[in-house]
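Chain residues, written in single-letter form:
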Amino acid sequence: MEAMVSATLAFARDDARTAHRAPVDLARLLRELVADGTARGQEASYAGPESRVISGDALVLKRAFANLLDNAWRYGGAARVTLIEREGRTRSCARGAHDIEVMVDDDGPGIAAAERENVFRPFYRLEGSRSRATGGTGLGLALARSAILAHGGTIALADRPEGGLSVSVALPAP
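Since the model is a prediction, treat every value here as computed from it, not as a measurement.

J.: Even after reading the chapter, I still don't get the overall build of the protein, so can you show me in this structure?
T.: Within the protein, the secondary structure is distributed over four helices and seven strands. In sequence order, the protein lays out its α and β elements as α-β-α-β-β-α-β-β-α-β-β. Considering only contacts in the protein between residues 6 or more positions apart, those separated by 24 or more positions represent 68%. On the protein, roughly 8900 Å² of surface is accessible, and the fraction owed to carbon and sulfur atoms is 53%.

If you want it as structure tokens, here you go:
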């Protein structure tokens, strides 16, 4: 119960923090998260530019991507992170033009299409045992989506053709 209350409070704080925008080197942030995971024995890789600065709240973005990587490690055994800079701008995201995409791919069982929207609901867990040993509080993807939307982006889940889940985050570039 204490963990759920703490997670709820963190959820509320993160939602309010997105007003604190500053330049954030997204490529560096992602590389650091991958390095932290590999230092803990997790399988992880990063592909993309050495540096890509966007406008955002570094703490909120770090927490969002940390949740995505933690899910990839917990349920998919590995996290492959790719940062892609688009040549042209797309209009597929929440607030206008976007030309940065971050993919987090894993090797797990994926998420059934019928459950993909549900997993973004706070406290919703696919793993139903209620055990903290086998799953979190059900806030990781809700926090990630809230943070990405607050930064003018989108987040989507899809099956990988070779198996596993692919999480795609599109964000605006300055």
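J.: Explain the pattern of salt bridges to me, please; I cannot follow it from the model alone.
T.: Pairs can form between side chains of opposite charge whenever their charged atoms are close. Inspection of every chain in the model, using the stated rule, returns seven salt bridges. Across the pair Glu85 and Arg52 runs a salt bridge, and its minimum N-O distance is 2.6 Å. In this pair, Glu85 sits in strand S4 (residues 79-93) while Arg52 sits in the loop between strand S2 (44-47) and strand S3 (53-56), placing the two residues 33 residues apart along the sequence. Residue class for Arg52 comes out buried when judged on its relative accessible area of 16%.

J.: Help me out: how do you make sense of helix H4 (residues 140-150) in this one?
T.: Counting along an α-helix, one turn takes 3.6 residues, and residues three or four places apart therefore face a common direction. With eight of eleven residues buried, H4 is to be regarded as a mostly interior element. Gly152 occupies a position one or two residues after H4 and carries a positive phi of about 80°.

J.: Got a minute to help me understand the side chain of Asn67 in this structure?
T.: Relative to the helices and strands, Asn67 resides in helix H3 (residues 58-76). Residue Asn67 is classed as buried on the basis of its relative accessible area, which comes to 17%. Apart from the residues lying within four places of it in its own chain, the contact partners of Asn67 are Gly140 and Leu143.

J.: How should the packing of H3 against H4 be read in this particular structure?
T.: Helix packing geometry: the angle between the two helix axes and the distance between the axes. Packing of H3 against H4 brings their axes to within 9 Å, and their N-to-C directions diverge by 140°. When the axes of H3 and H4 are compared, the pair comes out oblique. H3 and H4 meet at a crossing whose hand is left-handed. Where H3 abuts H4, its residues Val60, Leu61, Ala64, Phe65, Asn67, Leu68 and Asn71 lie against Gly140, Leu141, Leu143, Ala144, Ala147 and Ile148. Considering only residue class, the contact of H3 with H4 consists of ten nonpolar, three polar and no charged.

J.: Looking at this structure, how should I read the packing of helix H2 (residues 26-39) against H3?
T.: One way to put it is that H2 packs onto H3 with a least axis distance of 10 Å and a crossing angle of 40°. Considering their axes alone, H2 and H3 lie oblique with respect to each other. The chirality of how H2 crosses H3 is right-handed. Judged by residue contacts, Leu26, Leu29, Leu30, Leu33, Val34 and Gly37 of H2 engage Ala58, Leu61, Lys62, Phe65, Ala66, Leu69 and Trp73 from H3. Looking at the contact of H2 with H3, its residues break down into eleven nonpolar, one polar and one charged.

J.: What should I look at first to understand the pairing of strand S7 (residues 165-171) in this one?
T.: Burial of S7 is extensive: seven of the seven residues sit out of reach of the surface. Side chains Leu165, Val167, Val169 and Leu171 of S7 all project onto a buried face; the interleaved residues Ser166, Ser168 and Ala170 project onto the opposite face, where all are buried too. Note: strand S6 (residues 154-159) against S7, six bridges, orientation antiparallel. Counterpart to Ala158 in the pairing with S7 is Ser166. The turn linking S6 back onto S7 is made up of five residues, and Gly163 within it adopts a positive phi angle of 100°.

Criteria and thresholds
- Every chain is numbered on its own, with residues counted from 1 as its sequence reads.
- Two thresholds apply to this predicted model, a pLDDT of at least 70 for residue-level local features and 80 or more for giving and counting side-chain atom pairs, whereas whole-chain, interface and lining totals are computed over all residues.
- Note that the side-chain values use all heavy atoms of the structure and ignore hydrogens as well as water.
- Helix numbers and strand numbers start at the N terminus; a helix is a DSSP run of H or I with at least 4 residues, a strand a run of E with at least 2.
- What makes two residues a contact is simply this: any of their non-hydrogen atoms within 4.5 Å.
- Working definition of accessibility: Shrake-Rupley area with a 1.4 Å probe, residue cover restricted to the visible protein chains.
- The rule for a salt bridge is simple: a side-chain nitrogen of Lys or Arg has to be within 4 Å of a carboxyl oxygen of Asp or Glu.
- Relative accessibility decides the category of a residue: with a 1.4 Å probe and only protein chains considered, values under 20% of the type maximum give buried, values over 50% give exposed, and everything between is partly exposed.
- Orientation is described by axes fitted as lines to C-alpha atoms, over the contacting stretch for helices, and by angles from 0 to 180 degrees between their N-to-C directions.
- Should an angle lie under 35 degrees it is considered roughly parallel, over 145 roughly antiparallel, and from 65 to 115 roughly perpendicular; all remaining angles are considered oblique.
- Left-handed is the label given to a crossing in which the near helix is rotated counterclockwise from the far helix by less than a right angle, and right-handed is the label when the rotation is clockwise.
- Following the grouping adopted for this structure description, the nonpolar residues are Ala, Val, Leu, Ile, Met, Phe, Trp, Tyr, Cys and Pro, the charged ones are Asp, Glu, Lys and Arg, and the polar ones are all others, Gly among them.
- A pair of strands counts as paired when DSSP detects no fewer than two bridges linking them.

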